[in-house]
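# Descriptive structure summary
Listed below are the residues making up each chain.
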Amino acid sequence: MSETNLSALTTLGVGGPAGTLVAGTTREEIVEAVRTADAHGSELLILGGGSNLLVDDAGWAGTVLGIGTHGITVEDGATAAGARLVTVEAGHHWDDVVAHTVEAGLSGLEALSGIPGLAGATPVQNVGAYGSDVAQSLVRVDVYDREAQQLKEFGVGDLRLGYRDSLIKRSTVNGSPRYVVLGATFALYEDEGRPVAYQQLAGALGVSVGDRVPAARVREAVLELRASKGMVLDRKDPDTRSAGSFFTNPIVDEAVAAALPEDAPRYAGQGEGKVKLSAAWLIDHAGFHKGYGLPGTPGESVAGGRASLSTKHALALTNRGNASSADLLALARHVQAGVRDAWGLTLEHEPLLINCSL
């Protein structure tokens, strides 16, 4: 086993030792590392920014491949639709990508500011926030197909992107994907900014939903909103020692949504007869408020536990300083069961659970 604990490489700060830890700083190094692991029958875990992983305290006995590529290329000239194509290496920090494009006068990614992790993970999760997601600007993804043992290019339609979902994610088992992302290309625009698509963001900007606002203003507002919820990484803030939103917002039939209290948030446009609910509302109104922790686990805590809900946002599970993976899983199970009892809905986890489960 390596001497590196995965707790040091994840934003939740939990996880035992890695078996073999290697880094890929070029696309060629990534492919070679994957091929070597596969040839030796070593289980492979792809590690990006570690912001979407909950790793068991026993660690990972196989190969952990850190994605360390960097680079942003803005193509000269525009497409027939007037877009500029921007290709990003998988290991580039995502918020740096957003900052770079905004500074270059390009719009399309600004509502995704402040999201931790690396660019290669964004098409896997179809990362989204504040009424925007990667699917709206993604053009293609370059991958290595481990099963076919060859490089491939997926157009955005090939990925069958859904809410926090993609073909790549569906091919991933216990953190080990069939398709290893090497880079992604986005279509962005030189204009006054994309229409604001989320009420909370519109309110922060002092505009109406549908209004266009310069990308730089949107980015600034999004960063402020995310920071207020503990969703921008800050080593001094224990509320950011998390994997972001731990549960996804349920998408349910209209009849299910109609049975909830009138003040339960509902978001239409999820497909015929489908409505998206707020997982944070469901959690809070099932009795699990900000800062809630399981009693009986001594240590630095908000409410008596080493793991607790964030004090700023009920949807984030946080490590208050010395939590184990078992602590976080116990809290997640408790919240999940409570929401099921209160509302008859089973919340699905968003982070990848490595060598552990709910």
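Residues numbered from 1 in each chain as written. Predicted model: local features only at pLDDT ≥ 70, side-chain atom pairs only at ≥ 80, totals over all residues. Heavy atoms only, no water.

## What to know about the overall build of the chain
Put simply, the rule reads: Think of it this way: any DSSP run of H or I at least four residues long counts as a helix, any run of E at least two long counts as a strand, and we number them from the N terminus. Just to be clear, the radius of gyration here is over C-alpha atoms, and the globule rule we use is 2.2 Å times residues to the power 0.38. The buried label applies to any residue whose accessible area, calculated with a 1.4 Å probe on protein chains only, is under 20% of its type's maximum; exposed applies above 50%, and partly exposed to all values in between. The contact criterion used is simple: two residues touch if any of their non-hydrogen atoms lie within 4.5 Å. Accessibility throughout is a Shrake-Rupley quantity obtained with a 1.4 Å probe, and a residue counts as covered only by protein chains that appear here. All tallies of charge rest on Lys and Arg as positive and Asp and Glu as negative; His and the ends of each chain are not included. Lysine's charge is taken at NZ, arginine's at CZ, aspartate's at CG and glutamate's at CD.
The secondary structure content of the chain amounts to nine helices and 18 strands. Computed over C-alpha atoms, the radius of gyration of the chain comes to 20 Å, within 12% of the 21 Å expected from 2.2 N^0.38 for 358 residues, which places it in the range of a compact globule. On the principal axes, the C-alpha backbone points of the chain span a range of 55 × 55 × 40 Å. Counting only residues that meet the buried cut, the chain has 50% of its 358 residues in that class. Relative to all contacts within the chain whose residues are 6 or more apart in sequence, the contacts with residues 24 or more apart total 59%. Looking at the chain as shown, the accessible area adds up to about 15,300 Å², and 49% of this sits on carbon and sulfur atoms. Charged side chains of the chain number 29 positive and 42 negative; the gap between the two group centres comes to 2 Å.

## Looking at the confidence of the model for the chain
We count it as follows: pLDDT gives the predictor's per-residue confidence on a scale running from 0 to 100.
Per-chain confidence: the chain averages 93 in pLDDT, with 96% of residues scoring 70 or above. Counting interchain partners and residues more than four positions distant, the pLDDT-below-50 stretch residues 297-304 has 26 contacts.

## Focus on the sheet that holds strand β5 (residues 72-74)
Strand-to-strand pairing in sheets goes through backbone hydrogen bonds, with the strands running parallel or antiparallel. Convention followed: The pairing criterion for strands is at least two bridges between them, as found by DSSP. Note on geometry: axes are lines fitted to C-alpha atoms, helical ones only across the stretch in contact, with angles between N-to-C directions running from 0 to 180 degrees.
Spatially, the five strands line up as an open sheet ordered β5-β6-β11-β9-β10, and their pairing is antiparallel. In this open sheet, the two strands that pair with only one neighbour each are β5 and β10 (150-155). The average undirected angle you get between the axes of adjacent strands in this sheet is 20 degrees. Note that strand β6 (residues 83-89) and strand β11 (residues 179-189) share seven bridges and pair antiparallel. Residue pairing across strands places L85 opposite A187, the latter belonging to β11. Across the sheet, helix α1 (residues 27-39) is in contact with β6, β9 (138-145), β10 and β11; its angle to β11 comes to roughly 150 degrees.

## Re the environment of E153
With respect to the helices and strands, the residue E153 is situated in strand β10. Distance in space between the C-alpha atoms of E153 and N5 is 34 Å, their sequence separation being 148 residues. Setting aside chain neighbours within four positions, we find E153 in contact with R140, V141, D142 and D158.

## Thoughts on the packing of helix α2 (residues 94-103) against helix α6 (residues 215-228)
Stated formally: Our angle categories are set so that under 35 degrees counts as roughly parallel, over 145 as roughly antiparallel, 65 to 115 as roughly perpendicular, and the remainder as oblique. Each crossing gets its hand from how the near helix is turned against the far one by less than a right angle, where anticlockwise is left-handed and clockwise is right-handed. Residues are grouped as follows: nonpolar covers Ala, Val, Leu, Ile, Met, Phe, Trp, Tyr, Cys and Pro; charged covers Asp, Glu, Lys and Arg; every other residue, Gly included, is treated as polar.
Where α2 contacts α6, the two axes come as close as 9 Å, and the packing angle between them is 150 degrees. With respect to each other, α2 and α6 are oriented roughly antiparallel. The crossing of α2 and α6 is left-handed. Mapping the contact onto sequence places D95, V98, A99 and V102 in α2 and A215, A216, R219 and L223 in α6. Its residues assigned to classes, the contact of α2 with α6 shows six nonpolar, no polar and two charged.

## Some points on the sheet that holds strand β1 (residues 18-24)
Spatially, β1-β4-β2 is the arrangement adopted by the three strands of the open sheet, whose pairing is parallel. This sheet does not close on itself; its edge strands, each paired only once, are β1 and β2 (44-47). Ignoring which end each strand starts from, the neighbouring axes of this sheet average 25 degrees apart. In this structure, β2 lies alongside strand β4 (residues 60-67), joined through four bridges in parallel fashion. Pairing of L45 across the sheet is with V64, part of β4.

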